[in-house]
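# Notes for the structure review
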Amino acid sequence: QVQVAESGGGLVQPGGSLRLSCKASGFPFRTYAMKWWRQTPGKEREMVAMIDVSGRSTNYSNSVKGRFTISRDNADKSVYLQMNSLKPEDTAVYYCNAHRGGVVGADYWGQGTQVTVSS
């Protein structure tokens with residue numbers, strides 16, 4: 001049974017930090033790129049960070065570059081998003097996504113975790 005579960009969201013003041021975690025099971029985690037997305041009401045889901053299967057290559061949206069860091073632990077089947085210098089506009093539901101392309105590709109999603117940046 002495939003499971004992707006986010007945790008670590010919450011309420012934080014502007015300028016603060018949060019660390020999101022995503023625990024996966026039920027599929028070969030080491031063969032999937034991992035992504036963090038976010039979505040606010042009325043807007044399209046935005047990809048904020050991506051990490052390749054090895055963990056050596058990462059990409060970030062311009063809106064979070066320099067403030068967010070994605071990492072993964074293949075032995076623990078987990079991916080993390082360290083968020084620093086948070087801004088009110090970072091408020092969103094954050095989703096963890098496992099992606100593998102190709103003929104045997106698949107996408108798995110978590111249920112999301114709410115991050116609210118407010119004073």
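For the structure itself, look to the data block above.
Heads up: these notes are all about the structure in this document. Per chain, residue numbering runs from 1 following the sequence as it is written. pLDDT decides what is reported in this predicted model: residues at 70 or higher carry local features, side-chain atom pairs at 80 or more are listed and counted, and totals for whole chains, interfaces and linings draw on all residues regardless. Think of the side-chain values as coming from all heavy atoms in the structure, minus any hydrogens and water.

### Some points on the overall build of the protein
- A run of H or I in DSSP counts as a helix once it spans at least four residues, and a run of E counts as a strand once it spans at least two, with each numbered from the N terminus. Helices and strands together make up the secondary structure of the protein, namely 0 helices and 11 strands.
- With C-alpha atoms as the basis for the radius of gyration, the globule rule is written as 2.2 Å multiplied by the number of residues raised to the power 0.38. For 119 residues, the compact-globule estimate of 2.2 N^0.38 gives 14 Å, and the protein sits close to it at 14 Å.
- With respect to the principal axes defined by its C-alpha atoms, the protein has extents near 45 × 30 × 25 Å.
- Throughout, exposure labels follow a simple rule: accessible area from a 1.4 Å probe, protein chains only, divided by the maximum for the residue type, with under 20% read as buried, over 50% as exposed, and the rest as partly exposed. Counting over 119 residues, the protein shows a buried share of 39%.

### Comments concerning the pairing of strand 10 (residues 106–109)
- Only when DSSP finds a minimum of two bridges between them are two strands counted as paired. Two strands pair when backbone bridges link them, and strand 9 (residues 92–100) and strand 10 are joined in this way by 4 bridges, in the antiparallel orientation. Bridge pairing in strand 10 links Ala98 to Tyr108.
- Here strand 9 folds back onto strand 10 in antiparallel fashion, the turn holding 5 residues, of which Gly102 has a positive phi close to 90°.

### Re the nonpolar core
- Core analysis: the largest hydrophobic core is formed by 27 residues, its most contacted members being Met34, Trp36, Val79, Leu81, Met83 and Tyr94.
- Elements with a minimum of two residues in this core: strand 3 (18–25), strand 4 (33–39), strand 5 (46–51), strand 7 (68–73), strand 8 (78–83), strand 9 and strand 11 (113–117). Grouping buried Ala, Val, Leu, Ile, Met, Phe, Trp, Tyr and Cys residues that are joined through side-chain atoms within 4.5 Å yields what is termed a nonpolar core.

### Remarks on the environment of Ile70
- Mapped onto the secondary structure, Ile70 falls in strand 7.
- Sequence-wise, Ile70 and Gln1 are 69 residues apart; in three dimensions their C-alpha atoms are separated by 25 Å.
- Working rule for contacts: check all heavy atoms of both residues, and any pair within 4.5 Å makes them a contact. Leaving out residues up to four positions away in the same chain, Ile70 has contacts with Met34, Trp36, Ala49, Met50, Ile51, Thr58, Tyr60, Val79, Tyr80 and Leu81.

### So, unusual backbone geometry
- Unlike most non-glycine residues, Lys77 shows phi in positive territory, near 55°.
- By the element assignment, Lys77 lies in the loop between strand 7 and strand 8.
- Phi at Ser85 takes a positive value of approximately 50°, unusual for a residue other than glycine.
- Among the secondary structure elements, Ser85 is positioned in the loop between strand 8 and strand 9.
- For Ser85, a relative accessible area of 42% puts it in the partly exposed group.

### Quick word on the sheet that holds strand 3
- Read across the sheet, 4 strands follow the order 1-3-8-7 without closing on themselves; strand pairing throughout is antiparallel. Of all the strands in the sheet, just strand 1 (3–7) and strand 7 have a single pairing partner and so form its edges. Within the sheet, the average angular offset between the axes of one strand and its neighbour, ignoring direction, is 15°. Helix axes are fitted only over the stretch in contact, all axes being lines through C-alpha atoms; the angle between N-to-C directions runs from 0 to 180 degrees.

### Looking at the state of the cysteines
- Cysteine sulfur atoms are paired as a disulfide whenever they fall within 2.5 Å. Inspection of every chain in the model, using the stated rule, returns 1 disulfide.
- Here Cys22 is linked by a disulfide to Cys96, with a sulfur-sulfur distance of 2.1 Å. One disulfide, between Cys22 and Cys96, carries an S-S torsion of -80° and so falls in the left-handed class. One end of the pair, Cys22, is in strand 3; the other, Cys96, is in strand 9, and 74 residues separate them in sequence. Across the pair, exposure class does not vary: Cys22 and Cys96 are buried alike.

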